Amino acid sequence: MIRAAISSIFLLAALLQTYAAGNLEKTISQLLSQYDATIGVAVITSNDTLEINCNRTYPLASVMKFPQALAACDAMQEKGTPLDSIITLTKSDLHENTYSPIKELFPEGSEMTIDSLLFYSIALSDNNACDKIFSTFISPENTEKFLHKAGFNSFEVSVTEDDMHRNPSAINGNSATPTDVAALFQRFANGRMLSGEYFHSVWNALVNCQTGTSQLKKPLPAGSIILHKTGTGFRDGNGRITAQNDAGWIRLPDGTEYSIAVFITDSAESDTTNSAIIAGISGIVCDYLNAHLPK
């Protein structure tokens, strides 16, 4: 496994050195062909969209927490619910055997602002925070309706985090194309999904995302801004991972802006190799757009 990961890193480095000799799509496709996985890539700039293997939907896993937050904040904005309102999480809200920093810190439950709840769900990917948002502010069904109304029709949102932990195959109940996810990040970053405190709360959580530091973010130059959300699924009975994803919006130090989504499913590769694939694609895209987009 270690040897395979090292080989992957060398391959990525070689492609980063040679990508300029061909076009962006060809270079990324060459990288993807080396791995036993299904990988979708979407990149959106102000005047172009690149799609590779985006003619299907992919399990979102915790990437779903981003569109969920948009739908919840839209509902709160419409009702005039301030984000400094207090929400109570009881002990029964804190499910066992799931990733939850809140449960680790407050095993008996806690009171916190809605803004803090959103931060736990997005920046820390807390599954119990996510399900509290579903049970209090917006259902999976209404999250999907919100996204379809906004024109993102590939999204399916039908299950909670608890549903997925009770039945791992339910992960397919939350899915979308990489293109729609990248486009959603683009529209949010451009201020066309939320406004006021609701926009700033989600922005703050995304820019402070603490998961996936070895993925999209890793190859970006110092001074870059990245808003992103990761998602990781389960290994099935054959040892193949159902989802390892990273998606977001990036502004490079020179002002270049773009959104990107990399979704990996049905992968026999290790988690380390999957992360290296995402980082490699991110590096190739960053260097290419930095060199080719007008400033």
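The residue numbering used here restarts from 1 in each chain and proceeds along that chain's sequence as written. Where totals are concerned, whole chains, interfaces and linings use all residues; where local detail is concerned, this predicted model gives features only for residues with pLDDT of at least 70, and gives and counts side-chain atom pairs only at 80 or more. The side-chain numbers reported here are obtained from all heavy atoms of the structure, hydrogens and water having been left aside.

Under the annotation held in an unreviewed UniProt entry, the protein carries the name beta-lactamase and is attributed to Candidatus Limisoma faecipullorum. UniProt positions are given in the numbering used here, feature names are shortened, and annotations may be inferred rather than shown by experiment. Recorded in UniProt for the protein, the comment headed Sequence similarities (unreviewed entry) runs: "Belongs to the class-A beta-lactamase family." The protein has a UniProt comment under Catalytic activity (unreviewed entry) that states "a beta-lactam + H2O = a substituted beta-amino acid".

Enquirer: So what's going on with the packing of aromatic side chains? Which residues, and what values?
Expert: To pair, rings of Phe, Tyr and Trp, with the six-membered ring standing in for Trp, must have centres within 6.5 Å; the planes then decide the type, stacked if under 30 degrees apart, edge-to-face if over 60, and tilted in the middle. Applying the stated criterion across every chain, the model contains 6 aromatic pairs. Each ring, one from F188 and one from F199, has its centre 4.9 Å from the other, and the planes form 35 degrees; the classification is tilted. In this pair, F188 is assigned in helix α9 (residues 178-189) and F199 in helix α10 (residues 196-207), connecting sequence segments 11 residues apart. Like F199, F188 is buried. Judged by centre distance (5.7 Å) and plane angle (55 degrees), the rings of W203 and W249 are tilted. With W203 in helix α10 and W249 in strand β9 (residues 244-251), this pair connects stretches of sequence that are 46 residues apart. With a 1.4 Å probe rolled over the protein chains alone, any residue whose accessible area is under 20% of its type maximum counts as buried; one over 50% counts as exposed, and the rest are partly exposed. By relative accessible area, W249 is classed as buried at 1%. Members of the aromatic cluster, connected to one another through ring pairs, are F66, F185, F188, F199, W203 and W249. Directly above the ring of Y58 sits R56, whose terminal nitrogen or CZ lies 4.4 Å from the centroid. Only DSSP runs of H or I reaching four residues or more are called helices, and only runs of E reaching two or more are called strands; each is numbered from the N terminus. By the criterion adopted, a ring carries a charge over it if an Arg CZ or a Lys NZ lies within 6 Å of its centre and within 35 degrees of its normal.

Enquirer: So what's going on with the sheet that holds strand β10 (residues 257-265)? Residues and values would help.
Expert: Backbone-to-backbone hydrogen bonds pair the strands of a sheet. The strands run either parallel or antiparallel. Whether two strands pair comes down to DSSP finding at least two bridges between them. Strand order in the open sheet formed by 5 strands is β2-β1-β10-β9-β8, with antiparallel pairing between adjacent strands. Two strands bound the open sheet, and with one partner strand each, they are β2 (49-52) and β8 (225-232). In this sheet, neighbouring strand axes are inclined to one another by 5 degrees on average, regardless of whether the strands run parallel or antiparallel. Of the pairings in the sheet, the one linking strand β1 (residues 38-44) to β10 comprises 7 bridges and is antiparallel in character. Paired with A42 across the two strands is A261, which belongs to β10. Together, β1 and β2 form the strand contacts of helix α2 (residues 24-32), whose direction differs from that of β2 by roughly 25 degrees. A fitted line through C-alpha atoms represents every axis, and for helices the fit uses only the stretch in contact; the resulting angles, taken between N-to-C directions, go from 0 to 180 degrees. In what follows, a contact means two residues having at least one pair of non-hydrogen atoms within 4.5 Å.

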